[in-house]
Amino acid sequence: MHQSIASGLPREARIVVLTGAGISVESGLPSFRGAGGLWEGWRLEDVATPEAFAREPGIVQRFYDLRRRQLLDGAIRPNVAHIALAELERRWPGEVLVVTQNIDDLHERAGSRRLIHMHGELLKARCTACEAVCPWREDLGLEHACRGCGGANTLRPHVVWFGEMPLELEAIYDALALCDLFLSVGTSGQVYPAAGFVQEIRRHGRARSVELNLEPSEVSALFDERRHGPASEVVPRYVEDLVGRPD
Ligand code: BJW
Ligand code: ZN
């Protein structure tokens, strides 16, 4: 069996990469927790729950409108960590799946193709009446009608709030069960079920797990290996260990 020299992994090994807000910080999108956290002055619990949306839809829509505008600002681009993961998918002979908690589109812009957005996508809207999901790049005021059912005041951001079920969990757990290497990049390990994926990896006893984060996460001790530093440094270096330098 051919092996990747640095990792000792068989070349056909399956890789799952979980990413969080930390991978997009160096692209100019702030993370949620810690110093300089997202939209200081906004408490996540006030804007990221279905209860908040029911109570104050205008405030919640405004929060996501601001973030959508920021994402579409020309200055926001994928950074070398996103690009390295896309490169890994292109060059690794086995399957690579990126499972992102991020609602930005920087992985797809970098070129990742096998990608699951478990907490939804900022550039899509969902109808609360007919469940239709459609691309959305404008502000999402209450006056818009659903293009599917024509319903008024039924559109919300296509994102997963606390207390809601994350997307594509079955596919994610299947991939975790079958993978040989699990990488966790730029996530604080405070939000479940994503924070529990490393536990799932240990339960299966099959894959090696590696945390790549600025600092130890809440679940850091559960990983086989930890490399701490900015994603722009630790991710390209780790990918290089797996596939060598870019051509
Ligand atoms: C860098 C860096 C650089 C910085 N380079 N790194 C009690 C116990 C257990 C669970 C629960 C509980 N009570 C309630 C729950 C469930 C709840 C939950 O986990 N709550 C916790 C607060 C305790 N979870 C849910 O409700 C989920 N649904 C659910 O559980 O359904 C039922 C179910 C049952 C069984 C199985 C499966 C399901 C839904 C969670 C939805 C989360 N939604 C949000 C908002 C999405 C839309 C949006 O973006 O606005 O998702 S909240 C927010 O947190 C967002 C993120 O995706 C998520 C995770 O944050 P992330 O990515 O980790 O960011 P940060 O900021 O926390 O961390 C960044 C990290 O990067 C830091 O460590 C930095 O150091 C690092 N960093 N710069 C590298 N340059
Ligand atoms: Zn509809």
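See the structure printed just above.
The numbers attached to residues start from 1 for each chain and follow its sequence in the written order. For naming, the first written chain is A and the first written ligand is 1, with later ones following in the order written. Totals for whole chains, interfaces and linings use all residues, but because this is a predicted model, local features are given only for residues with pLDDT of at least 70 and pairs of side-chain atoms are given and counted only at 80 or more. The side-chain figures draw on all heavy atoms in the structure; neither hydrogens nor water molecules are used.

Here we come to the overall build of the protein chain. Where helices and strands are cited, they refer to DSSP runs of H or I of at least four residues and of E of at least two residues respectively, numbered from the N terminus. Along the backbone of the protein chain there are nine helices and nine strands. Atoms counted for the radius of gyration: C-alpha only. Globule rule: 2.2 Å times residue count to the power 0.38. Compactness check: the protein chain gives a C-alpha radius of gyration of 18 Å against a globular reference of 18 Å for 247 residues, within 12% of the reference. Referenced to the eigenvectors of the C-alpha coordinate spread, the extents of the protein chain come out at roughly 60 × 35 × 35 Å. Should any heavy atoms of two residues lie within 4.5 Å, those residues are counted as being in contact. Across the protein chain, contacts joining residues at least 24 apart in sequence account for 65% of those joining residues at least 6 apart. When the accessible surface of the protein chain is summed, it comes to about 11900 Å², and 50% of that surface belongs to carbon and sulfur atoms. Here the protein chain contributes 28 positive and 35 negative side-chain charges, whose respective centroids are spaced 2 Å apart. In this description, accessible areas are obtained by the Shrake-Rupley approach with a 1.4 Å probe, and a residue is regarded as covered only by the protein chains that are shown. Just so you know, the count uses Lys and Arg for positive and Asp and Glu for negative, and it drops His and the chain ends. Every charge is mapped to an atom, namely NZ of Lys, CZ of Arg, CG of Asp or CD of Glu.

Attention shifts here to helix α4 (residues 57-72). For α4, which comprises 16 residues, the first-to-last C-alpha distance of 22 Å matches the rise-based estimate of 22 Å (1.5 Å per residue) to within 8%. Along α4, the residues classified as buried are Val-60, Gln-61, Phe-63, Tyr-64, Asp-65, Leu-66, Arg-67, Arg-68 and Leu-71. Helices are assigned an expected span. That span is 1.5 Å times one less than the residue count. Note on classification: 1.4 Å probe, protein chains only; a residue is buried when its accessible area is under 20% of the maximum for its type, exposed when over 50%, partly exposed between these limits.

With that settled, the discussion passes to the coordination of the zinc ion (ligand 2). Listed as protein donors to the zinc ion (ligand 2) are Cys-127 (SG), Cys-130 (SG), Cys-146 (SG) and Cys-149 (SG); their distances from the metal cover 2.3 to 2.4 Å. Coordination geometry of the zinc ion (ligand 2): the four donor atoms subtend angles of 106 to 112° at the metal centre, consistent with an arrangement described as tetrahedral. In this listing, donors mean N, O and S atoms no farther than 2.8 Å from the metal, or 3.2 Å for Na, K and Ca; water is missing from the atoms, so a site can look incomplete. Between consecutive donors of the zinc ion (ligand 2), the numbers of intervening residues give the motif C-x2-C-x15-C-x2-C. Highlighted residues: Cys-130 in the loop between β4 (120-127) and β5 (133-135) and Cys-146 in the loop between β5 and β6 (155-159), separated in sequence by 16 residues. A relative accessible area of 34% means that Cys-130 is categorised as partly exposed. Think of it this way: with four donors and all angles in the 85 to 135 degree range, the site is tetrahedral; with four or six donors, opposite ones beyond 155 degrees and the rest between 65 and 115, it is square planar or octahedral; otherwise it is irregular.

Time to look at the site of ligand 1. When we say a residue is near a molecule or strand, we mean one of its heavy atoms is within 4 Å of it. Every one of the 36 residues lining ligand 1 counts as a neighbour, but Arg-33, Arg-67, Thr-187, Ser-188 and Tyr-192 are closest to it. Distance and chemistry together define a polar contact, namely a pair of N or O atoms within 3.5 Å, with one atom able to donate a hydrogen and the other to accept it when in protein, and with adjacent residues in sequence counting only for side-chain atoms on both sides. Within the side chain of Tyr-64, a nitrogen or oxygen atom sits 2.7 Å from an oxygen atom of ligand 1. Between ligand 1 and Gly-163 there is a distance of 2.7 Å, counted from an oxygen atom to a backbone nitrogen or oxygen. Starting from 1500 Å² of accessible surface for ligand 1 in isolation, the protein chains cover 76%. Put simply, the parts of the chain that give the shell around ligand 1 at least two residues each are α1 (22-25) and α4.

Residue placement: Arg-156 occurs in strand β6. When neighbours within four sequence positions are excluded, Arg-156 is seen to be in contact with Phe-53, Gln-61, Ala-125, Arg-126, Thr-128, Leu-140, Trp-161 and Glu-164.

Turning our eyes to something else, we now look at the state of the cysteines. Note that a disulfide, as used here, is simply two cysteine sulfur atoms within 2.5 Å. Considering all chains together, one arrives at zero disulfides under this definition. With no disulfide of its own, Cys-134 lies closest to Cys-146 among cysteine sulfurs, the gap being 6.5 Å.

Before going further, it helps to spend a moment on the side chain of Gln-101. One can find Gln-101 in the loop between β2 (96-100) and α6 (106-110). For Gln-101, a relative accessible area of 12% gives the class buried. Among the polar contacts listed, one links the side chain of Gln-101 to the side chain of Thr-187, at a separation of 3.0 Å. Not counting residues up to four positions away in its chain, the partners in contact with Gln-101 are Leu-18, Thr-19, Gly-20, Met-118, His-119, Thr-187, Val-191 and Ala-194.

One can describe the packing of helix α5 (residues 80-91) onto helix α9 (residues 231-243) by two numbers: an axis separation of 8 Å at closest approach and a directional angle of 15°. The angle between α5 and α9 falls in the class roughly parallel. Crossing angle aside, the handedness with which α5 passes α9 is left-handed. Contacts between α5 and α9 involve Val-80, Ala-81, Ala-84, Leu-85, Leu-88 and Arg-91 from the former and Ala-231, Ser-232, Val-235, Pro-236, Val-239, Leu-242 and Val-243 from the latter. Fitted lines through C-alpha atoms give the axes, limited to the stretch in contact for helices. The angle between two N-to-C directions lies from 0 to 180 degrees. Angular relationships are summarised with four words: roughly parallel below 35 degrees, roughly antiparallel beyond 145, roughly perpendicular across 65 to 115, and oblique for the angles in between. Crossing handedness follows the turn of the near helix against the far one: under a right angle anticlockwise gives a left-handed crossing, and clockwise gives a right-handed one.

With five of its five residues buried, β2 lies for the most part within the structure. Residues of β2 alternate between two faces, with Val-96, Val-98 and Thr-100 on one and Leu-97 and Val-99 on the opposite face, all of them buried. A pair of strands is considered paired only if DSSP assigns at least 2 bridges between the two. With five bridges joining them, strand β1 (residues 15-19) and β2 adopt parallel strand pairing. Looking at β2, one finds that Val-17 is bridged to Val-98.

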